[in-house]
Amino acid sequence: MFFAGLLAVLVALGLAVARALRGPTTFDRLIAANSIGTGAILLLALFGFLTERPEFLDIALAYALLNLVGTFAVLKFFRYGALGHEGIDEEEENA
Amino acid sequence: MILELLRDVLGWVLIGGGGIFVVIGAVGLNRMPDVFTRMHATSVSDTFGTGLMLAGMMVQAGLSLVTAKLLFLLLFLWFTGPVVTHALARAAMLAGLKPVVVDDPSVEGDVAKGEKS
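None of the values given here were measured: they were computed from a predicted structure.

Definitions and cut-offs
Residues numbered from 1 in each chain as written. Chains lettered and ligands numbered in written order. Predicted model: local features only at pLDDT ≥ 70, side-chain atom pairs only at ≥ 80, totals over all residues. Helix = DSSP H or I, 4+ residues; strand = E, 2+ residues; numbered from the N terminus. Buried ≥ 20, exposed ≤ 12 C-beta atoms within 10 Å, placed from the backbone. Contact = placed C-beta atoms within 7 Å. Axes fitted to C-alpha atoms, helices over the stretch in contact; angles between N-to-C directions. Parallel < 35°, antiparallel > 145°, perpendicular 65-115°, else oblique. Nonpolar A, V, L, I, M, F, W, Y, C, P; charged D, E, K, R; others polar. Core = buried A, V, L, I, M, F, W, Y, C linked by C-beta atoms within 7 Å. Expected span 1.5 Å × (residues − 1). pLDDT = per-residue confidence, 0-100.

## Here we look at the overall build of chain A
The helix and strand tally for chain A stands at 4 helices and 0 strands. Along chain A, helices and strands appear, N-terminal first, in the series α-α-α-α. A burial count over chain A gives 35% of its 95 residues as buried.

Structure representation (structure tokens):
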């Protein structure tokens, strides 16, 4: 059963990579990247169970944390052009 | 004996169902016409697909530290998924992307024809 799940996640990962390569805007690519990250977490957990070494779950947890921070970092970079920006935006203040 | 069988059947159902949802989400990511609907499609696989799959693994692992780790992973994914989706949608709106609506006069007939990448 873990192998069946592994195959399903691999198919989903392939489709997400297709969207990441094709996506017309940055946000499409980011959605695809986030979904690739989720797929990688599932892949790690399933692979751990398949090889009967559930220690892989620790790596999956670390990857889940990195995925969140990575997506926000890329979003912030494309919004302000720098990661050190304080986050105050004139558009938002006027709105 | 019967408990083992029950555990295996439950594991197959949960992991198989999760796999179906994950693939449906990925197909939606490719088929949907614009950014916002694509987000909607991936949220299916992010909440339900991962939820079912991790639940199936919990059933297989039994009551141990592994189950606790899986539970933490599940809770973390369920909290951060909506946060990331919200941030992405907000950033896309502020960047000037408009959602495709069906009765938009600039989109004729099939919505999918409106956007060709």
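## Concerning the overall build of chain B
Along its length, chain B carries 4 helices and 0 strands. Taken from the N to the C terminus, the helices and strands of chain B come in the order α-α-α-α. Here chain B, with 117 residues, has 36% of them falling under the buried criterion. Put simply, of all contacts in chain B between residues at least 6 apart along the chain, 60% involve residues at least 24 apart.

## Concerning the packing of helix α2 (residues 26-50) of chain A against helix α3 (residues 65-94) of chain B
For the pair α2(A) and α3(B), interaxial distance at closest approach is 11 Å and the crossing angle is 175 degrees. Taken together, α2(A) and α3(B) sit at an angle that is classed as roughly antiparallel. When α2(A) is examined against α3(B), the residues A:Phe27, A:Leu30, A:Ile31, A:Asn34, A:Thr38 and A:Ile41 are found in contact with a partner set consisting of B:Leu73, B:Leu77, B:Val84, B:Leu88, B:Ala91 and B:Ala92. For the contact of α2(A) with α3(B), the class distribution of residues is 10 nonpolar, 2 polar and no charged.

## Topic: the nonpolar core
With 45 residues, the main nonpolar core has A:Ala45, B:Leu29, B:Leu54, B:Leu73 and B:Leu88 as its most contacted residues. Going through the elements one at a time, α1 (2-22), α2 and α3 (56-80) of chain A together with α1 (2-31), α2 (35-61) and α3 of chain B are the ones with two or more residues in this core. Apart from residues no more than four positions distant in its own chain, B:Leu54 is found in contact with A:Ala45, B:Leu70, B:Leu73 and B:Leu74.

## As for the interface of chain A and chain B
At the junction of the two partners, chain A supplies 37 residues and chain B supplies 41 residues. Elements supplying a minimum of two residues to the side of chain A that touches chain B: α1, α2 and α3 of chain A. It is α2(A) that provides the largest number of residues to the side of chain A that touches chain B, a total of 12 residues. Its residues placed into classes, the side of chain A that touches chain B shows 26 nonpolar, 6 polar and 5 charged.

## As for the packing of α2(A) against α2(B)
The N-to-C vectors of α2(A) and α2(B) enclose an angle of 10 degrees; their axes lie 11 Å apart at closest approach. By the angle class used here, α2(A) and α2(B) are roughly parallel. Judged by residue contacts, A:Phe27, A:Asp28, A:Ile31, A:Ser35, A:Thr38, A:Leu42, A:Ala45 and A:Phe49 of α2(A) engage B:Val35, B:Arg38, B:Met39, B:Thr42, B:Ser45, B:Asp46, B:Thr50, B:Met53, B:Leu54, B:Met57 and B:Gln60 from α2(B).

## Some remarks on the environment of B:Asp34
All names here are of chain B. For Asp34, the position within the fold is in the loop between α1 and α2. Judged by C-beta crowding, with 21 C-beta atoms within 10 Å, Asp34 ranks as buried. Sequence spacing of Asp34 and Leu97 is 63 residues, and the spatial spacing of their C-alpha atoms is 9.2 Å.

## Some words on unusual backbone geometry
Backbone geometry at A:Glu52 places phi at a positive 55 degrees, although glycine is not the residue there. Take A:Glu52: there are 7 C-beta atoms within 10 Å of it, and that puts it in the exposed class.

## Some details on α1(B)
End to end, α1(B) covers 43 Å across 30 residues, agreeing with the expected 44 Å (1.5 Å per residue, within 8%). Of all the residues in α1(B), the buried ones are B:Gly11, B:Leu14, B:Ile15, B:Gly18, B:Gly19, B:Phe21, B:Val22, B:Gly25, B:Ala26, B:Gly28 and B:Leu29. Of the surrounding elements, those touching the buried residues of α1(B) are α1 and α2 of chain A together with α2 of chain B.

## A short note on the confidence of the model for chain B
Residue and element names in this part refer to chain B. Per-residue pLDDT for chain B averages 83, and the proportion of residues at 70 or more is 86%. The lowest-confidence element of chain B is helix α4 (residues 111-114), averaging 48 in pLDDT; the highest-confidence one is α1, averaging 90. This stretch, residues 112-117, has a pLDDT under 50; its non-local contacts, to residues over four places away or in other chains, come to 9 contacts. Overall fold confidence for the complex sits at a pTM of 0.81, while the interface term, ipTM, reaches 0.79.

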